[in-house]
Amino acid sequence: MLCMEPAGDEPIVHIGIHTFTPVWKGKKREVDVGVLFDPERSREHRFSRRWIEEVRRELPNLVVRSNEPYRGSDDGLTTELRQRIPPSRYLGIELEVSQRLAAGSPDVRGKIRQGLLASLRRALRETDFP
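Residues numbered from 1 in each chain as written. Predicted model: local features only at pLDDT ≥ 70, side-chain atom pairs only at ≥ 80, totals over all residues. Heavy atoms only, no water.

(A) Representation of the confidence of the model for the protein in the model. Confidence along the protein averages 90 in pLDDT terms, with 93% of residues attaining 70 or more. Within the protein, strand 5 (residues 64–66) carries the highest mean pLDDT (98), whereas helix 2 (residues 77–84) carries the lowest (88). (pLDDT = per-residue confidence, 0-100. Helix = DSSP H or I, 4+ residues; strand = E, 2+ residues; numbered from the N terminus.)

The following block contains the structure:
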């Protein structure tokens, strides 16, 4: 993977968005939306907690959890970037959405998309960047 450290000292908020299968190895996953982060990084943890609160407020019928269905510290692009960019500059967050929701009607998908965007905007506004 080719990955260069960005120039400057501006904070970087990296939001990766993925879907996941609602059933894995015959077991139903009991989560609709997961916000993944590295719990060892306090700023990522605080930001993710705030975002989860906002998602729950926007989309109260969904099951929203931290670090599910995967761990936020698992190997991936965010893990690579955490090695290259100091924690004071980089928040690496992944949003996981159940494919069950992604396969819903256009109206349902639109409401979820709007709820996620509104919640992200509020969480970003309330995040203290150095």
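What follows continues from the structure just given.
(B) Structural view of the packing of helix 1 (residues 42–58) against helix 4 (residues 106–125). Contact geometry for helix 1 and helix 4: axes closest at 8 Å, N-to-C directions at 140°. When the axes of helix 1 and helix 4 are compared, the pair comes out oblique. Judged by the twist between their axes, the crossing of helix 1 over helix 4 is right-handed. Between helix 1, through Phe 47, Arg 50, Trp 51, Glu 54, Val 55, Arg 57 and Glu 58, and helix 4, the contact on the second element is made entirely by Gly 115, Leu 116, Ala 118, Ser 119, Leu 120, Arg 122, Ala 123 and Leu 124. Taken together, the residues of the contact of helix 1 with helix 4 sort by class into 8 nonpolar, 2 polar and 5 charged. (Axes fitted to C-alpha atoms, helices over the stretch in contact; angles between N-to-C directions. Parallel < 35°, antiparallel > 145°, perpendicular 65-115°, else oblique. Left-handed = near helix turned anticlockwise from the far one by under 90°. Contact = heavy atoms within 4.5 Å. Nonpolar A, V, L, I, M, F, W, Y, C, P; charged D, E, K, R; others polar.)

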